[in-house]
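Architecture at a glance
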Amino acid sequence: MTASGPPPDHDPGSAAEPGPQPPMPDFDVPDFDPRRTRRAVRAGVARTALVTLLALLALVLVATAGSAWVQKRGDRDDRMRNVLGAALQVANPGYHVQAGEVEAAPLSLSLRTDVRPLRAVGGFSAGPAFADRSDVVTQDFFGRVGATPLGQGTDTPLTYALYDVGTGNQPKDAMRQVLARLPADMNALAVVEFARPMTGDQLASFARRYGGCPETVVYESRPRSTPITWRLGAQAGPPGRPGGGRCADSPPETLRNLREWVGMLREHDEPNLRRFGLDLARLRGAAGAGRAYAYVEPGSRISTLRELIEDPLVTTVRVADVAFDLSRHE
C-alpha cells in the first residue's frame, strides 16, 4: 500500500508572479485643428509635386543631352553634312546648295541648307521671291533620311539644259542663231557639251583657251535625266576662285573632290542616296571614269560663246540664262 502525500502547495520551478506595473504616461493630445491640417496637407502635396517636377526635368535634360551625344557620336554630324549636303547638290545641279550646321533633337539630326537657283553672273537672285530658300535635311535616330528639300520642284533653265546633254537637241546651227540675236557684251549661263568626253587636264586646257570657268562639270551622259555632276564652288564675278588660282585650272581638282566624296560612301548610304534620286553604282562609275561630257559656264560673254561654239571639240552650247552686268553699263 502506497501512501500518498498532500498535493504540493508551491512549485519551486515556476516563474515568479509579476509585481505592480508603473502607471502609463499621461500624453497631452492637442485638439483637432482643421486649418493646420489643411495647411500641412497642402505643404506636403506641394513638396511632393516640386520634387517630382525637378526629377522629371532632370530626366528630360539628361535624356536630351544624352540623345544629342548619341546622335552626334563620333563624326556622325560631320558625315551627315559631308554626305547628305553633297548628295543634295549632286541631285540638284541647277541650284547652289550651301550646307550649314547640324542640329540634334532627341530622335533625329537636321542639316540646315540654303538653296538658290544658279543664274547668269550679273543676274538678280535674292530672297524668297527669286526662289532662294532655307530648308533642312532630316535623318532619324537610325540614320534614315525623310523628305528632302526641293522635293520634285527642281526644274530650272539650267536643269533643262543639262537634261539635253547627249540628246542632240539644240544643235550648233540653232544655237548660233540664238547667240547671234543676243548682245555681244551680255553675260550668259550656258552648258558647253563636247563631241568627245575629256579628262580633267584636257578640260582645264580647253577652258584656259577661252578664259572659261568650268565650276560645274558633267561626268555622265544620261539623256533626258539629271546627270552626275560635281560643283567645285560657286563664284560671282570675273573668272577665278577662292583660295587663289584661276577657275580654268580647277577641273583636275574638281575630279579629285568627286572621287574623294564617292570614296567615303558606303553600302549603308544607298537608301539615303536613293531618296535624292542618286545611285551608288552610277556615282562610282562616273567618278571612276572621270570623263567630262560637258560643263556649266557661269558667266561668259555672248561674244566668247560665239567663238567657243565654233570649236570642233564642242557639240553645242546651250544658253540657260542671260543677264547684263549693270556695273559695266553705268
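Numbering of residues starts from 1 in each chain and follows the order in which that chain's sequence is written. In view of the model being predicted, local features appear only for residues whose pLDDT reaches at least 70, and side-chain atom pairs are presented and counted only at 80 or more, with totals across whole chains, interfaces and linings using the full set of residues. Each side-chain value is worked out from all heavy atoms of the structure, with water and hydrogens disregarded.

Moving on, we get to helix H6 (residues 251-264). Where helices and strands are cited, they refer to DSSP runs of H or I of at least four residues and of E of at least two residues respectively, numbered from the N terminus. Each residue after the first adds 1.5 Å to the expected span of a helix. With 14 residues, H6 extends 20 Å between its outermost C-alpha atoms, agreeing within 8% with the 20 Å of an ideal straight helix rising 1.5 Å per residue. Each residue gets one of three labels from its accessible area relative to the maximum for its type: buried under 20%, exposed over 50%, partly exposed in between, using a 1.4 Å probe on protein chains only. Residues of H6 that are buried: Pro 251, Thr 254, Leu 255, Leu 258, Trp 261 and Val 262. Down the axis of H6, the buried side of the element spans an arc of 125°, and every buried residue falls inside it. Buried-residue contacts for H6 involve helix H2 (76-91), helix H5 (200-210), strand S5 (216-218), strand S6 (229-231), helix H7 (270-275) and helix H8 (280-289). Picture the helix axis, draw a direction to every C-beta atom, and the arc is the one those directions span. Any two residues whose heavy atoms approach within 4.5 Å are treated as being in contact.

Whether two strands pair depends on DSSP finding at least two bridges between them. In this structure, strand S1 (residues 95-105) lies alongside strand S2 (residues 108-117), joined through nine bridges in antiparallel fashion. Looking across to S2, one finds that Ala 105 is bridged to Ser 108. Linking two consecutive strands that pair antiparallel, namely S1 and S2, is a turn of two residues.

This part is about the state of the cysteines. Two cysteine sulfur atoms form a disulfide, by the criterion used here, when they sit within 2.5 Å. A full pass over the atoms with the stated rule returns one disulfide. A sulfur-sulfur separation of 1.9 Å characterises the disulfide bridge that pairs Cys 213 with Cys 247. Its torsion about the S-S bond being 60°, the disulfide of Cys 213 and Cys 247 is classed as right-handed. A residue pair is termed long-range when its members are at least 10 positions apart, and Cys 213 in the loop between H5 and S5 and Cys 247 in the loop between S6 and H6 qualify at 34 residues. Owing to a relative accessible area of 6%, Cys 213 belongs among the buried residues under this scheme.

So, about the sheet that holds S1. Read across the sheet, three strands follow the order S1-S2-S3 without closing on themselves; strand pairing throughout is antiparallel. Edge positions in the open sheet fall to S1 and strand S3 (133-140), since each of these has one partner strand only. Neighbour to neighbour, the strand axes of the sheet diverge by 25° on average, direction disregarded. All axes here are fitted lines through C-alpha atoms, helices being fitted over the stretch that makes contact, and every angle between N-to-C directions spans 0 to 180 degrees. Running over the sheet, H2 touches S1, S2 and S3 and is turned about 150° from S1.

So, on to the sheet that holds S6. Taking strand neighbours across the sheet as the criterion, the five strands line up as S6-S5-S7-S4-S8 in an open arrangement whose pairing is antiparallel. In this open sheet, the two edge strands, each paired with only one partner strand, are S6 and strand S8 (314-323). For this sheet, the mean angle separating the axes of adjacent strands, direction not counted, is 20°. Note that S5 and S6 share three bridges and pair antiparallel. Note on S6: the bridge partner recorded for Val 218 is Thr 229.

Turning our eyes to something else, we now look at a positive patch on the surface. Here a patch means residues that are over 30% exposed by relative accessible area and free of salt bridges, tied together within 9 Å if like-charged and within 5 Å if nonpolar (Val, Leu, Ile, Met, Phe, Trp, Tyr). Using a 1.4 Å probe, accessible areas were evaluated by the Shrake-Rupley method; residue-level cover was limited to the displayed protein chains. Any carboxyl oxygen of Asp or Glu that lies within 4 Å of a side-chain nitrogen of Lys or Arg is treated as forming a salt bridge with it. Neither His nor the chain termini are counted; the positive set is Lys and Arg, and the negative set is Asp and Glu. Note that the charge is assigned to NZ on lysines, CZ on arginines, CG on aspartates and CD on glutamates. On the surface, a cluster of positive charge is made up of Arg 35, Arg 36, Arg 38, Arg 39 and Arg 42. Considering the arrangement of structural elements, one finds Arg 39 in helix H1 (residues 34-71). The class of Arg 39 is partly exposed, set by a relative accessible area of 48%.

Here pLDDT means the predictor's own confidence in every residue, given as a number from 0 to 100. Summing up the model confidence of the protein chain, the mean pLDDT is 81 and the portion of residues at 70 or higher is 75%. With pLDDT under 50 throughout, residues 234-244 is counted as low confidence; its partners more than four residues away or in other chains account for 20 contacts.

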